[in-house]
Amino acid sequence: MELLDRARQAAADAGFDVLLVSPGPDLRYLTGYQALPLERLTCLVLPARGEAFMVVPLLEEPAAQAALGGGLELVTWGETDDPYAKIAARLGSPALAGLDNHMHAEKVLRFRAALPGTEQGLAGDVLRELRMRKTPAEVASLRAAGAAIDRVHRRMAEWLRPGRTEHDVARDIADAILAEGHATVDFVIVASGPNGASPHHEVSGRVIEAGEPVVVDIGGTMPDGYCSDSTRTYSLGEPHSDFVDLYTVLLRAQVAQTETVRPGITAQELDGVGRGVIAAAGYGEYFVHRTGHGIGLSTHEEPYIVAGSPLPLEAGMAFSIEPGIYIPGRFGARIEDICVCTPDGGERLNLTSRELVVL
Ligand code: ZN
Ligand code: ZN
């Protein structure tokens, strides 16, 4: 497995003797295995020198075998075995082990007890360097995810109508996220009227009224594990002129940012492009979050497009560009596209109209 070799090399370069990766996006990225995050230990053991192996509970062996084929040695353990001791016996006493960033604390502590002479670090320091640079195949997966969520946004007029509650609309959207090709629904934000001023509004029983703007931010995971995430802002009938003014500024900011994407620009510079447009129009204090986040097998991952990040963008990086303006007590708006940095600029993976959609 070429990817395991790259991870092994990166681990060695970073001074790790072994990476220990439990179920989650990191494991799926490295092996393709979407293992269940059980209390029983499933763990990829990737030594910097030596062969990788996968430790799985005996009852998970058929599932692991099916997912991995013969590509990786499987080490099974029965209900009365101690898998941590088993791993320790094979590893000896590594000086530094990298544990995946989302490993459950109880497993981290069991590893600490089984490997008392081993210092623990974060495997994410190594894996994010690989995961944030997408291969063409990964970009194709994200493009398919983007097209799927675009199909849901294009159907919004079927569900978003005055007199319905946010809950009603969100339920229909969730059904459509699945119907349009996702394997799971990850989130559905329907934020109407003053609720639109809360960027991560929890869907409520509020009845949506005519003339109100509604922020719809939705995403899911495709069968191959790649995620979608797109926000559009709708208006149920003619919007208030104050809202039109706000939206015009927001659209200008978002368009400027998507057109600025190119290799070499830093994350903080890209954030600043949108923030500058919004601040110059007097809305600076109402843009209360970063511009965006990386996306791949997780909805939120590196690179983060945020003030203070000197990370230069590179071809293959994929991330959201989602500026928003939120006026407490009145309304809010956000426009979000997933963008991929290419050698000659940026490619948007969400292609529905970014204009305010009047339904
Ligand atoms: Zn979103
Ligand atoms: Zn997002």
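Up top you'll find the structure we're talking about.
All values derive from a computational prediction rather than experimental measurement.

1. Overview of the packing of helix 4 (residues 83-91) against helix 5 (residues 105-114)
Each pair of packed helices can be described by the angle between their axes along with the distance between the axes. The interhelical angle for the contact between helix 4 and helix 5, taken along N-to-C directions, is 45°, at an axis separation of 9 Å. As the angle between them shows, helix 4 and helix 5 are arranged oblique. In terms of crossing hand, the pair formed by helix 4 and helix 5 is right-handed. Residues Tyr84, Ala85, Ile87 and Ala88 of helix 4 touch helix 5, and the partners they reach there are Lys107, Arg110, Phe111 and Ala114. A per-class count over the contact of helix 4 with helix 5 returns six nonpolar, no polar and two charged.

2. Structural notes on the pairing of strand 14 (residues 331-334)
Both faces of strand 14 are covered, namely the face carrying Phe331 and Ala333 and the face carrying Gly332 and Arg334. Hairpin connection between strand 13 (residues 324-327) and strand 14: a loop of three residues separates the two successive antiparallel strands, and glycine 329 in this loop has a positive phi of roughly 85°.

3. Re the pattern of salt bridges
Evaluated as defined, the whole model comprises 25 salt bridges. Salt-bridge contacts for arginine 90 lead to glutamate 73; the nearest nitrogen and oxygen are separated by 3.0 Å. Remark: glutamate 73 occurs in strand 4 (residues 73-77) and arginine 90 occurs in helix 4; sequence separation between them is 17 residues. Judged by relative accessible area, glutamate 73 falls into the partly exposed class, the value being 39%. Residues arginine 128 and aspartate 125 are paired through a salt bridge, measuring 3.4 Å at the closest nitrogen-oxygen approach. Residue arginine 128 and its partner aspartate 125 are both found in helix 6 (residues 124-131); the two are separated by three residues, about one turn of the helix. In this structure arginine 128 comes out as partly exposed when scored by relative accessible area, which is 30%. Accessibility expressed as a relative area gives 40% for aspartate 125, which makes it partly exposed.

Cut-offs used in this document
- Residues numbered from 1 in each chain as written.
- Chains lettered and ligands numbered in written order.
- Predicted model: local features only at pLDDT ≥ 70, side-chain atom pairs only at ≥ 80, totals over all residues.
- Heavy atoms only, no water.
- Axes fitted to C-alpha atoms, helices over the stretch in contact; angles between N-to-C directions.
- Helix = DSSP H or I, 4+ residues; strand = E, 2+ residues; numbered from the N terminus.
- Parallel < 35°, antiparallel > 145°, perpendicular 65-115°, else oblique.
- Left-handed = near helix turned anticlockwise from the far one by under 90°.
- Contact = heavy atoms within 4.5 Å.
- Nonpolar A, V, L, I, M, F, W, Y, C, P; charged D, E, K, R; others polar.
- Buried < 20%, exposed > 50% of the residue type's maximum accessible area, 1.4 Å probe, protein only.
- Pairing = 2+ DSSP bridges.
- Salt bridge = Lys/Arg side-chain N within 4 Å of Asp/Glu carboxyl O.

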